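Per-entry structural report
Chain by chain, the residues run as shown.
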Amino acid sequence: MPTVRQLWTAPAGGEPMEACDSVTAVANGGLRGDRYFTGEGYYSPYDVCQVTFVDSRALARIDEEYGIDLTDGRHRRNVVVDADVVDLLQVRFRVGGAVFEGTRRRPPCAHVEQVAGEAGVAEALGEERGGVCADVVEGGDVAVGDELVVEERYDEPEKLAAAIRERYEREE
């Protein structure tokens, strides 16, 4: 079963990521204390992910292939799990006491590289290793070591349409 390996938040845009043993996910908001939850993220309010997930194995491959160790949080993602996070897109999943819905990929940008302070970070993360965004559907606590459990896959167009309608109704 996939588990949470690391948790990260940053108090404001451009600030270093801080490792956490646990975080509180707030429905329709993100992670309490994180820059995007408080509206202080670099891309606020235009390109916000409530929570970002990245695969720990992708980070290990970056270290092997590029010699860049991002396990110190310079990847700028909130939740590091040992699962292929692309498989979480259009999926409702539980981590600890919170429920998330994978919404879109989160490819790296020049800002990630600038904040990381190391050339090649954006290229190393690339489209396939940059992680994904997720919305918080149900709030709750998430801790290192919690299991990631898929609750529902929206493989059928009707299920996906219903989930999208529900998401928009929550936001209104």
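Look up: the structure comes first, before these words.
Here the structure is a predicted model, which is why all the values come from computation and not from measurement.

About the thresholds
- Residues numbered from 1 in each chain as written.
- Predicted model: local features only at pLDDT ≥ 70, side-chain atom pairs only at ≥ 80, totals over all residues.
- Heavy atoms only, no water.
- Disulfide = S-S within 2.5 Å.
- Helix = DSSP H or I, 4+ residues; strand = E, 2+ residues; numbered from the N terminus.
- Buried < 20%, exposed > 50% of the residue type's maximum accessible area, 1.4 Å probe, protein only.
- Right-handed = clockwise from strand over helix to strand, strands pointing away.
- Contact = heavy atoms within 4.5 Å.
- Arc of directions from axis to C-beta.
- Polar contact = N/O pair within 3.5 Å; in protein donor to acceptor, adjacent residues only side chain to side chain.
- Salt bridge = Lys/Arg side-chain N within 4 Å of Asp/Glu carboxyl O.

**Re the state of the cysteines**
For the structure on display, the rule yields one disulfide. Here Cys49 connects covalently by a disulfide to Cys133, the sulfurs 1.7 Å from one another. Pair noted here: Cys49 is in the loop between strand 4 (30-31) and strand 5 (51-55) and Cys133 is in strand 9 (residues 132-138), with a separation of 84 residues, a long-range link. Judged by relative accessible area, which is 4%, Cys49 ranks as buried.

**Digging into the pairing of strand 5**
Taking burial as the measure, the five residues of strand 5 include five buried ones, the bulk of the element. Side chains Val51, Phe53 and Asp55 of strand 5 all project onto a buried face; the interleaved residues Thr52 and Val54 project onto the opposite face, where all are buried too. In this fold, strand 5 hands off to helix 1 (residues 56-66), which returns the chain to strand 6 (residues 79-81); that crossover is right-handed.

**Details of the environment of Gly73**
With respect to the helices and strands, Gly73 occurs in the loop between helix 1 and strand 6. Taking relative accessible area as the criterion, Gly73 reaches 2% and is therefore assigned buried. For the pair Gly73 and Ala19, spaced 54 residues apart in the sequence, the C-alpha separation amounts to 7.4 Å. With residues up to four places along the chain from it excluded, the contact list for Gly73 reads Trp8 and Met17.

**Structural notes on helix 1**
Where helix 1 is concerned, the buried positions are Ser56, Ala58, Leu59 and Ile62. Along the axis of helix 1, the buried positions cluster into a sector of 160°, meaning they face one direction only. Opposite the buried face of helix 1, by more than 90 degrees, sit the exposed residues Glu64 and Glu65. You can read the cap of helix 1 off the contacts: a side-chain oxygen lies 2.9 Å from the backbone nitrogen of Arg57, and it is on Asp55.

**Regarding the pattern of salt bridges**
Applying the stated criterion across every chain yields a total of seven salt bridges. For Arg5, the salt bridge goes to Asp82, with nearest N and O atoms at 2.5 Å. Of this pair, Arg5 sits in strand 1 (residues 4-9) while Asp82 sits in the loop between strand 6 and strand 7 (91-95), and the two are 77 residues apart along the sequence. Relative accessible area serves as the criterion here: at 46%, Arg5 is assigned to the partly exposed category. A salt bridge links Asp72 to Arg74, with the shortest nitrogen-to-oxygen separation between them at 3.0 Å. The class of Arg74 is buried, set by a relative accessible area of 18%. Through salt bridges that share partners, Arg94, Glu138 and Glu151 make up one connected network.

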